[in-house]
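An overview of the molecular structure
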Amino acid sequence: MSAKVAVPRMKVPSKSEFKDKEKPAQIRSSNIVAAKAVSDAIKTSLGPRGMDKMIQDSKGEVTITNDGATILKQMKVLHPAAKMLVELSQAQDAEAGDGTTSVVILAGAMLETSQQLLTKGFHPSNISDSLLHFAAKAVEVLESMAIPVDLSDRASLLKSANTSLNSKVVHEHSGMLAPMAVDAVLKIVDPNQDTNVDLHDIRIIKKLGETVEDSQLVDGIVFTQKSQGHGGPNRMEKAKIGLIQFCISPPKTDMDNTVLIRDYAAMDRVLREERQYILNITKKIKAAGCNVLLIQKSILRDAVSDLALHLLAKQKIMVVKDIEREDIEFVCKTLGCRPVASLDHFTPECMGSAELAEEIQAGGSKFVKITGVQNPGRTVSILLRGSNKQVLEEADRSLHDALCVIRCLVKKRCLIPGGGAPEAELSVKLTQYAHTLTGMDAYCFRAFAEALEVIPAILAENAGLSPISTVTELRNRHARGETTAGVNVRKGSISNIVDENVLQPLLVSTSAITLSAECVRSILKIDDIVNVIR
Ligand code: ADP
Ligand code: MG
């Protein structure tokens, strides 16, 4: 008997699948279109006359912002190539902190140019190589137009912080936020040797209430908690500050346990015992000379019980509880104290001293402020106020940008004019440079040089000016050697932008060019998208 064996039939690939030469081009084109869409979406927020975005998340929370990185972070982007632009803006945020909109717009313009070059028949690798060369040359030109700045030149630092704050929702408060940012950074850096700033040493404390104008730079530290009254002091001069990580409450066992008490005398004994235990702790704290006690938050049990608070109050010790774990390092650095993990180690050496610790009431809320710290570390606290959550959050983001701008100046002490002047200058200089090149490079250079004019064009468009006439005039004036001519959005004309005090750190512009070129190069090199099914 013969059995028929079923041979699985192999799928014979159709001829067209082998011949699908169009596919890489299609993928590339779809990537470019998707990435460009992201860039187009945030175009309108560029510059001081840019629009703001209102973003609503799935929980109904509303954010109002003008910051490119924030807008993109919240946007639900699905296309993998579009996600690359979102990451590009995050990269700029980490590297420079400002210029997050510009970097995405530059990438969008470079992508559009690449698309045109591709349709003309250029190979993606050639375009990519040219772009690498282009970015390096652009950085050289930017460096040649930079104005060196000294960290003692407060006026210049203020100008650059102001430029960054100009384009924010909270720009009307730039008059007080800019000096705050400058002072905060200058306070924690040593101008002679520091080449970077750790922004963790600047703590921004947001507290709802009052207006942004009531924000203040605190020379010392601020806790958003109030002090734990219970009849105890809420103002202490010549404060001796201890920071404890152990709990002042009845101990708990590791395992579940039950204590059965049958008669009243035993109950009484337990209570007396507890009181004695806590009294002993508070007495030791007092004996060490502590009069302001900071208590770390505990997740296992009450960090401090009501009885303990009562006893501490009786001993005239001011208490601030619920200090977050991640704030401990900052608190110690600021107050010059050491966190104490067990009562036995609670000694006077662990404590910090300050002139004054007091509870302050402002705008319906209370907080604790410690000032006049002896041997303070290099830290600063900024108490940010705002009448509503959106304003407060945006003020925080804007202040962060301003701090980053000053940090850029610590890293690289050079300024360049803003208002589209650097991009216009680059465009003119690199077009001239293209004449010295031959072959494909020359063509690509010319095309990319023109693409950079997107920044002044959009600045003009957002300010209600004609982008074409503005850009042509700008090009003309830069060709005549006016390197600082830029778009004066206030007067609606082209003028010497340095006279308008629009200055920005060199690092913001160089990193925008380098990062955007890098991103465009990697998008160009992709010729297929592979989906993995898990
Ligand atoms: P980004 O997120 O890229 O920093 P902004 O909205 O802050 O975007 O806009 C930055 C651009 O606006 C820069 O090119 C800067 O030079 C320009 N700019 C800022 N202030 C002014 C001004 N007063 N006049 C003209 N241009 C300005
Ligand atoms: Mg900015």
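The structure reproduced in this document is the subject of the present report. Starting from 1, residues in each chain are numbered consecutively following that chain's sequence as written. Chain letters start at A and ligand numbers start at 1, both assigned in the order the entries are written. Per-residue local features of the predicted model are confined to residues with pLDDT of at least 70, and side-chain atom pairs are confined, for both listing and counting, to 80 or more; whole-chain, interface and lining totals are unaffected and use all residues. The basis for every side-chain value is the complete set of non-hydrogen atoms in the structure, without hydrogens or water.

1. Remarks on the overall build of the protein
Counted only if it meets this: Counting from the N terminus, the helices are DSSP H or I runs at least four residues long and the strands are E runs at least two residues long. Both definitions apply: the radius of gyration is a C-alpha atom measure, and the globule rule equals 2.2 Å times residues to the power 0.38. Whether a residue is buried, partly exposed or exposed follows from its accessible area with a 1.4 Å probe, protein chains only, as a fraction of its type maximum: under 20%, in between, or over 50%, in that order. Whether two residues are in contact is decided by their heavy atoms: any pair within 4.5 Å suffices. Residue exposure ignores everything except the shown protein chains as possible cover, and the areas themselves are Shrake-Rupley values with a 1.4 Å probe.
Per the secondary structure count, the protein includes 17 helices and 17 strands. The C-alpha radius of gyration computed for the protein amounts to 31 Å, which surpasses the reference 24 Å derived for 534 residues by more than 25%, pointing to a less compact arrangement than a globule. Projected onto its principal axes, the C-alpha coordinates of the protein cover approximately 100 × 95 × 40 Å. For the protein, buried positions account for 50% of its 534 residues. Sequence-distant contacts, at least 24 apart, represent 77% of the contacts inside the protein between residues at least 6 apart. With the model as given, the accessible surface of the protein reaches about 26700 Å², and the carbon-plus-sulfur share is 52%.

2. Side note on the sheet that holds strand S3 (residues 147-148)
Put simply, the rule is: Two strands are counted as paired when DSSP detects at least two bridges linking them.
The strand order across the open sheet built from 3 strands is S3-S14-S17, with neighbouring strands paired in antiparallel fashion. At either end of the open sheet lies a strand with only one pairing partner, and these are S3 and strand S17 (503-505). In the sheet, strand S14 (residues 414-417) pairs with S17 via 3 bridges, with the strands oriented antiparallel. Paired with Leu-415 across the two strands is Pro-505, which belongs to S17.

3. Some points on helix H8 (residues 174-188)
For clarity, the cut-off: Expected helix span is taken as 1.5 Å per residue step, with the number of steps being one fewer than the number of residues.
Spanning 15 residues, H8 covers 21 Å between terminal C-alpha atoms, matching the ideal 21 Å at 1.5 Å per step. Three or more residues of H8 are buried, namely Ser-174, Met-176, Leu-177, Ala-178, Pro-179, Met-180, Ala-181, Val-182, Ala-184, Val-185 and Ile-188. As for H8, its buried residues are in contact with helix H7 (154-166), strand S4 (202-208), strand S5 (216-218), strand S13 (380-386) and helix H12 (389-411).

4. A word on the site of ligand 1
Defined as follows: For this purpose, a residue is taken to be near a molecule or strand whenever a single non-hydrogen atom of the residue falls within 4 Å of it. Two N or O atoms form a polar contact when they lie within 3.5 Å of each other; inside protein one atom must be a possible hydrogen donor and the other a possible acceptor, and for residues adjacent in sequence the pair counts only when both atoms belong to side chains. Under the scheme applied here, ten amino acids are nonpolar (Ala, Val, Leu, Ile, Met, Phe, Trp, Tyr, Cys and Pro), four are charged (Asp, Glu, Lys and Arg), and all others, including Gly, are polar.
Ligand 1 sits among 21 residues. The nearest are Asp-98, Thr-101, Ser-102, Ser-167 and Gly-419. Note that an oxygen atom of ligand 1 is positioned 2.8 Å from one of the side-chain N or O atoms of Gln-504. Relative to its unbound accessible area of 570 Å², ligand 1 is 96% covered by the protein chains. Those elements giving two or more residues to the shell around ligand 1 turn out to be helix H5 (100-119) and H7. Sorting elements by how many residues they give to the shell around ligand 1 places H5 first, with 3 residues. In terms of residue class, the shell around ligand 1 is built from 6 nonpolar, 13 polar and 2 charged.

5. Examining unusual backbone geometry
Positioned with a positive phi, Lys-238 is a non-glycine residue whose angle comes to about 50°. Of note, Lys-238 is situated in strand S7 (residues 235-244). Looking at Lys-238, the relative accessible area reads 61%, which means it is exposed. For Asp-322, which is not glycine, the phi torsion reads 60° and is therefore positive. Positionally, Asp-322 belongs in strand S9 (residues 318-323).

6. Side note on the packing of H5 against helix H17 (residues 506-524)
This is how it is decided: Angular values range over 0 to 180 degrees, each being the angle between N-to-C directions of two axes fitted as lines to C-alpha atoms, with helices fitted over their stretch in contact. An angle below 35 degrees is treated as roughly parallel, one above 145 as roughly antiparallel, one from 65 to 115 as roughly perpendicular, and anything else as oblique. A crossing counts as left-handed when the near helix is turned anticlockwise from the far one by less than a right angle, and as right-handed when that turn is clockwise.
Between H5 and H17, the least distance of the axes is 9 Å, while the angle of their chain directions is 40°. By the angle between their axes, H5 is oblique relative to H17. Crossing hand, H5 versus H17: right-handed. Judged by residue contacts, Val-103, Leu-106, Ala-107, Met-110, Leu-111, Ser-114 and Leu-118 of H5 engage Ala-512, Ile-513, Leu-515, Ser-516, Ala-517, Val-520, Ile-523 and Leu-524 from H17. Residues that form the contact of H5 with H17 fall into these classes: 13 nonpolar, 2 polar and no charged.

7. Thoughts on a nonpolar patch on the surface
What counts is decided by this rule: What goes into a patch is any residue over 30% in relative accessible area without a salt bridge, connected to like charges within 9 Å or, for nonpolar side chains (Val, Leu, Ile, Met, Phe, Trp, Tyr), within 5 Å. Note on definitions: salt bridges are taken to be side-chain nitrogens of Lys or Arg within 4 Å of carboxyl oxygens of Asp or Glu.
Taken together, the side chains of Val-259, Ile-261, Tyr-264, Met-267, Val-270 and Leu-271 make up a nonpolar region of the molecular surface, amounting to roughly 600 Å² of accessible area. Looking at the element boundaries, Val-259 is found in the loop between S7 and helix H9 (264-287).

8. Describing the packing of aromatic side chains
What counts is decided by this rule: Ring pairs are drawn from Phe, Tyr and Trp, using the six-membered ring of Trp, whenever the two centres fall within 6.5 Å, and their geometry is named by plane angle: stacked under 30 degrees, edge-to-face over 60, tilted for the rest. We call a charge positioned above a ring when the Lys NZ or Arg CZ atom is no farther than 6 Å from the ring centre and deviates by at most 35 degrees from the ring normal.
Scanning all chains against the criterion turns up 4 aromatic pairs. Taking 5.3 Å as the distance between ring centres and 75° as the angle between the ring planes, the aromatic pair formed by Phe-134 and Phe-445 counts as edge-to-face. Pair noted here: Phe-134 is in helix H6 (residues 124-144) and Phe-445 is in helix H14 (residues 439-451), with a separation of 311 residues, a long-range link. On the basis of relative accessibility, which here comes to 0%, the residue Phe-134 falls in the buried class. In this structure Phe-445 comes out as buried when scored by relative accessible area, which is 0%. In textbook terms, an aromatic cluster arises when at least three aromatic residues are bridged by ring pairs, as seen for Phe-134, Tyr-433, Phe-445 and Phe-448. A cation over an aromatic ring shows up here: Lys-137 above the ring of Tyr-433, its NZ or CZ 4.4 Å from the ring centre.

These figures capture arrangement, not role.
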